[in-house]
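If you want the building blocks of each chain, they are given just below.
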Amino acid sequence: MHSLPTAVISLVQEQAEVRGLVRDPLPEVTHAVRTDEVVESGRWFGRSRTRRRTVELLLTPDVLVVTDRDPDREGPDPDAQVAFHRVHQLEVTAVDVPEPGLSLLSTPVGSTERSSRHVPSDGGPEVARFHGAVLEAAERSRRVADVAPSAVPSSRVPSDAESVGSYSRELF
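No experiment lies behind these values; they were computed from the predicted model shown.

A. Spotlight on the overall build of the protein chain. In terms of regular secondary structure, the protein chain is built from 3 helices and 7 strands. Burial statistics for the protein chain: of 172 residues in total, 37% are counted as buried. Considering only contacts within the protein chain whose residues lie at least 6 apart along the sequence, 46% involve residues at least 24 apart. Surface summary for the protein chain: the accessible area is close to 10,200 Å², and the carbon and sulfur share equals 50%.

And the structure:
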């Protein structure tokens, strides 16, 4: 968390505000993992060019923040992307085929459609710990919703969002 570049921190905070999150999710990050991937892009003439893509997964009690960026780019990355996923809607599985990594299935905040994403990794112990933390957080979040299915959990009430810890202004 402390090794995030300033440009990424600014991008996450800006996008959190744009997407309607009540406050900055970064101070409440409990688990994080970073993966780097070398991507080859083809060219019409000459050799192909390689570049790196970095994906950071930042877990908070209510939201999973996914950043996708080029770490070698100097200054702001115009292709950088940030997505916020509500933990109670998130399905995460560890996959080995076709390549090791985590598979995410969720409806990102601000979207109306469910989407899936594969985050490649080396399958190391830090990824396994992160996967376990996400599964535990999702289960805990779903248990809160199952206790009183007709009521909205207090952590998601938009009227007192800043005092009770909700990240979203909308009802789920």
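B. Just the pairing of strand β5 (residues 91-95), in detail. Judged from the 5 bridges that link them, β5 and strand β6 (residues 101-106) form a sheet pairing that is antiparallel. In the sheet register, Val-92 faces β6, and the bridge partner there is Leu-104. The turn joining β5 and β6, which pair antiparallel and follow one another in sequence, is formed by 5 residues.

C. Inspection of the layout of surface pockets at higher detail. If you add up the space inside the largest pocket, you get close to 230 Å³. Around the largest pocket, the lining is made up of 16 residues, and of these Ala-7, Val-8, Gly-75, Pro-76 and Asp-77 lie nearest the centre. Secondary-structure elements contributing two or more residues to the lining of the largest pocket are α1 (6-18) and β3 (63-69). Among the residues making up the lining of the largest pocket, the classes are represented as 7 nonpolar, 4 polar and 5 charged.

D. Molecular detail of the pattern of salt bridges. One pass over the full model with this rule turns up 8 salt bridges. Asp-68 is the partner of Arg-53 in a salt bridge, and the nearest nitrogen-oxygen pair spans 3.0 Å. Linking Arg-53 in strand β2 (residues 49-59) with Asp-68 in strand β3, this pair joins segments that are 15 residues apart in sequence. Overall, Asp-68 belongs to the buried group, its relative accessible area being 14%. With its nearest N and O atoms 2.9 Å apart, the salt bridge here joins Asp-68 to Arg-117. With Asp-68 in strand β3 and Arg-117 in strand β7 (residues 115-120), the pair connects residues that are 49 residues apart, well separated along the chain.

E. Seen up close, the sheet that holds β5. Pairing in this open sheet of 3 strands is antiparallel, and the strands run β5-β6-β7 from one edge to the other. Each edge of the open sheet carries a strand with a single partner, namely β5 and β7. Direction aside, the axes of adjacent strands within the sheet are offset by 20° on average. Relative to β7, β6 runs antiparallel, the two being bridged by 6 bridges. Directly across from Ser-103, in β7, lies its bridge partner His-118.

F. Quick look at the environment of Gln-15. Relative to the assigned elements, Gln-15 resides in helix α1. Overall, Gln-15 belongs to the buried group, its relative accessible area being 16%. In this structure the C-alpha to C-alpha distance between Gln-15 and Phe-84, which are 69 residues apart in sequence, comes to 9.0 Å. Beyond its immediate chain neighbours, meaning those up to four positions away, Gln-15 contacts Val-82 and Phe-84.

Conventions used here
- Residues numbered from 1 in each chain as written.
- Predicted model: local features only at pLDDT ≥ 70, side-chain atom pairs only at ≥ 80, totals over all residues.
- Heavy atoms only, no water.
- Helix = DSSP H or I, 4+ residues; strand = E, 2+ residues; numbered from the N terminus.
- Buried < 20%, exposed > 50% of the residue type's maximum accessible area, 1.4 Å probe, protein only.
- Contact = heavy atoms within 4.5 Å.
- Areas by Shrake-Rupley, 256 points an atom, 1.4 Å probe, with all protein chains shown as cover.
- Pairing = 2+ DSSP bridges.
- 1 Å grid on protein atoms, 1.4 Å probe; cavity = no way out; pocket = protein on both sides within 12 Å on 5 of 7 lines; lining within 4 Å.
- Points joined across faces, edges and corners; volume = space filled by probe spheres on them.
- Nonpolar A, V, L, I, M, F, W, Y, C, P; charged D, E, K, R; others polar.
- Salt bridge = Lys/Arg side-chain N within 4 Å of Asp/Glu carboxyl O.
- Axes fitted to C-alpha atoms, helices over the stretch in contact; angles between N-to-C directions.

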